[in-house]
Amino acid sequence: MDFMGYPICKEEYAQALRQKMAERTALVISTTYCGYCNKAKSLLEKYQIPTNEIVLDTLNPNDQMEISNCVYGKNQRFVPMIYLKGQQIGGYGELLKMH
């Protein structure tokens, strides 16, 4: 995934996200209070898909903002945001349609 398509994405955060994606098949951007995030993680677990997670609300505010800038650019921001094999697929609804 090329996060640099969003000019507000800093390279150091893009690299960190690429690294997280390279480590596992799936990456879920989530928050602790998101029900659909939990459903997405459960579905990935059900199919034994190795998953990394970035929980935005557990990060310091600057890191939250910078990661969000890379993931969403200036677009509407929602969780979960799910990546499979480095490709952004969208949220829980899109993941559910794939199974």
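Scroll up to find the structure.
Note that this is a predicted model, so its numbers are computed, not measured.

Undergrad: For the state of the cysteines, give the residues involved together with the corresponding values.
TA: A covalent bond bridging the sulfur atoms of two cysteines is what the word disulfide describes. This model, assessed by the stated rule, comprises two disulfides. Across the disulfide from C9 sits C70; the S-S distance is 2.0 Å. Between C9 and C70, the S-S dihedral sits near 85°, and the bridge is therefore right-handed. Placement of the pair is C9 in the segment before helix 1 (11-23) and C70 in helix 3 (residues 61-72), with a sequence separation of 61 residues. Here C9 and C70 have matching classes, each one buried. Two residues, C34 and C37, share a disulfide whose sulfurs are 2.5 Å apart. Note on the C34 and C37 pair: the S-S dihedral is about 90°, so by sign convention the disulfide is right-handed.

Undergrad: Can you tell me about the packing of helix 1 against helix 3, naming the residues and giving the values?
TA: Taken N-terminus to C-terminus, the directions of helix 1 and helix 3 make an angle of 75°; their axes are 9 Å apart at the nearest point. Put simply, helix 1 runs roughly perpendicular to helix 3. Within the contact between the two elements, helix 1 uses Y13, A14 and L17 and helix 3 uses N62, D63, E66, I67, C70 and V71.

Undergrad: Pulling in residues and values, what's your account of the sheet that holds strand 1 (residues 26-30)?
TA: The four strands are arranged 2-1-3-4 in an open sheet whose pairing can be described as mixed. Each edge of the open sheet is held by one strand with a lone partner, namely strand 2 (51-55) and strand 4 (87-90). Taking the axes of each pair of neighbouring strands and ignoring which way they run, one obtains an average angle of 25° across the sheet. For strand 1 and strand 3 (residues 81-84), the ladder comprises four bridges, and the chain directions are antiparallel. Pairing of V28 across the sheet is with I82, part of strand 3.

Undergrad: Any chance you could break down the pattern of salt bridges for me, citing the residues and the numbers?
TA: Oppositely charged side chains can pair when the atoms bearing their charge come close. Summed over the entire model, instances satisfying the criterion amount to three salt bridges. With a closest N to O distance of 3.2 Å, E11 and R18 form a salt bridge. Here E53 ties to K41 by a salt bridge, and the two come within 2.8 Å at their closest N and O atoms. In this pair, E53 sits in strand 2 while K41 sits in helix 2 (residues 35-46), placing the two residues twelve residues apart along the sequence.

Undergrad: Explain the side chain of S30 to me, using residue names and the numbers behind them.
TA: Its place among the elements puts S30 in strand 1. Apart from residues lying up to four places away in sequence, S30 is in contact with C37, E53, I54, V55, L56 and V79.

Parameters at a glance
Residues numbered from 1 in each chain as written. Predicted model: local features only at pLDDT ≥ 70, side-chain atom pairs only at ≥ 80, totals over all residues. Heavy atoms only, no water. Disulfide = S-S within 2.5 Å. Helix = DSSP H or I, 4+ residues; strand = E, 2+ residues; numbered from the N terminus. Buried < 20%, exposed > 50% of the residue type's maximum accessible area, 1.4 Å probe, protein only. Axes fitted to C-alpha atoms, helices over the stretch in contact; angles between N-to-C directions. Parallel < 35°, antiparallel > 145°, perpendicular 65-115°, else oblique. Contact = heavy atoms within 4.5 Å. Pairing = 2+ DSSP bridges. Salt bridge = Lys/Arg side-chain N within 4 Å of Asp/Glu carboxyl O.

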